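Observations on chain architecture
For reference, the chains in residue letters:
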Amino acid sequence: PLWSDFQPIRLHLDYEVRPKEMRLGEEPFAHAPEGVAGVDTIMIERFETFLNIGKEYGISFIVGLVGVLNFLNAILTGIMTRRREFAVLQSVGMTGKQLKQMLVAEGLYYTFGAVLLSLILNTLLGPFIGETMGSMFWFFTYKFTVVPILIIAPIFALLGVAIPLITYHFSAKKSIVERLREAE
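Since the model is a prediction, treat every value here as computed from it, not as a measurement.

Thoughts on the overall build of the chain
A count of helical and extended segments in the chain gives seven helices and two strands. Along the chain, from the amino end to the carboxyl end, the secondary structure elements read β-β-α-α-α-α-α-α-α. Counting across all 184 residues of the chain, residues that qualify as buried make up 18%.

Given below as structure tokens:
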């Protein structure tokens, strides 16, 4: 061959007696409903294995964990990027209690916003996206539910309160002057 990825092409006839090109190593689809639909039976077996892994290990749990970690990251990033601002507010008279209240309120606003947005998107777009996905993928079924949102809402609320308080606790160990210098 003149190049490394050279693959000769063979000509086969498909189920409707149309010519179809196949590369070396490829085999025609089986004479079964899957093959007629254009799906290789080996790929179906691999996909079923993937589905079983998802059922066994809980892919939805992993997706939920990613969502919680993203929420945590949003709160932490908001606090860490404004450390200097908080030090300035305290230097002009804001008390630690007021700062904690402000940070907790902000965390609860994040919680309320995330839950409200999830409910709205689930209600408005869920049926449309579910129907579309169901028509595209034979293994997909849609069921309207708000239970996952209601389960995750208290976790978000707990994080929205705890993370600002923990972050404040560690930053309050330093004096305002140290925090102003550190943030420069």
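Regarding the packing of aromatic side chains
Evaluation of the coordinates by the stated rule reveals one aromatic pair. Seen from their ring centres, Phe71 and Phe156 are 4.0 Å apart, and the 5° between their planes marks the pair as stacked. Note that Phe71 is positioned in helix α3 (residues 59-80) and Phe156 in helix α6 (residues 147-171), a separation of 85 residues in sequence. For Phe156, a relative accessible area of 9% corresponds to the buried category.

Re a nonpolar patch on the surface
A cluster of nonpolar side chains, namely Phe112, Leu116, Leu117, Ile120, Leu121, Leu124, Leu125, Phe128 and Ile129, defines an oily patch on the protein surface of about 910 Å² accessible area. Examined against the element boundaries, Leu125 turns out to sit in helix α5 (residues 96-136). By relative accessible area, which is 39% here, Leu125 ends up partly exposed.

Structural notes on the packing of helix α4 (residues 83-91) against α5
Contact geometry for α4 and α5: axes closest at 10 Å, N-to-C directions at 140°. Here the hand of the crossing between α4 and α5 comes out right-handed. Together, Phe86, Leu89 and Gln90 of α4 and Gly96, Leu99, Met102 and Leu103 of α5 make up the contact between the two elements. Taken together, the residues of the contact of α4 with α5 sort by class into five nonpolar, two polar and no charged.

A few points about the packing of α5 against α6
When two helices pack together, their arrangement is given by the angle between the helix axes and by the axis-to-axis distance. Running from amino to carboxyl end, α5 crosses α6 at an angle of 160°, the nearest separation of the two axes being 9 Å. Here α5 lies roughly antiparallel to α6, going by the angle between them. Viewed along their axes, α5 and α6 form a crossing whose handedness is right-handed. A breakdown of the residues in the contact of α5 with α6 according to their chemical character gives 15 nonpolar, six polar and one charged.

A word on the side chain of Arg179
Along the polypeptide, Arg179 turns up in helix α7 (residues 176-182). Although Arg179 is buried, it makes no salt bridge; Glu178 carries the closest opposite charge, 7.1 Å away. Those residues within four positions of Arg179 in sequence are excluded, and the remaining contacts are Ala87, Gln90, Ser171 and Lys174.

Focus on α6
The end-to-end C-alpha distance of α6, which contains 25 residues, comes to 37 Å, matching closely the 36 Å that a straight helix rising 1.5 Å per residue would cover. Where α6 bends most, the angle comes to about 25°, and this point is Ala153, followed within four residues by the proline Pro154. Considered for burial, the residues of α6 that qualify are Ile149, Ala153, Phe156, Leu159, Gly160, Ile163, Pro164, Thr167 and Tyr168.

Some thoughts on the environment of Val161
Tracing the sequence through the fold places Val161 in helix α6. When the C-alpha atoms of Val161 and Gly107 are compared, they prove to be 6.0 Å apart, with 54 residues separating the residues in sequence. In this structure Val161 touches Val104 and Leu108, once residues within four positions along its chain are discounted.

Cut-offs and rules
Residues numbered from 1 in each chain as written. Predicted model: local features only at pLDDT ≥ 70, side-chain atom pairs only at ≥ 80, totals over all residues. Heavy atoms only, no water. Helix = DSSP H or I, 4+ residues; strand = E, 2+ residues; numbered from the N terminus. Buried < 20%, exposed > 50% of the residue type's maximum accessible area, 1.4 Å probe, protein only. Phe/Tyr/Trp six-rings, centres within 6.5 Å; stacked < 30°, edge-to-face > 60°. Patch = residues over 30% accessible without salt bridge, like charges linked within 9 Å, V, L, I, M, F, W, Y side chains within 5 Å. Areas by Shrake-Rupley, 256 points an atom, 1.4 Å probe, with all protein chains shown as cover. Salt bridge = Lys/Arg side-chain N within 4 Å of Asp/Glu carboxyl O. Axes fitted to C-alpha atoms, helices over the stretch in contact; angles between N-to-C directions. Left-handed = near helix turned anticlockwise from the far one by under 90°. Contact = heavy atoms within 4.5 Å. Nonpolar A, V, L, I, M, F, W, Y, C, P; charged D, E, K, R; others polar. Parallel < 35°, antiparallel > 145°, perpendicular 65-115°, else oblique. Lys, Arg positive; Asp, Glu negative; His and termini not counted. Expected span 1.5 Å × (residues − 1). Bend = angle between axes of the 7 residues up to and from the residue.

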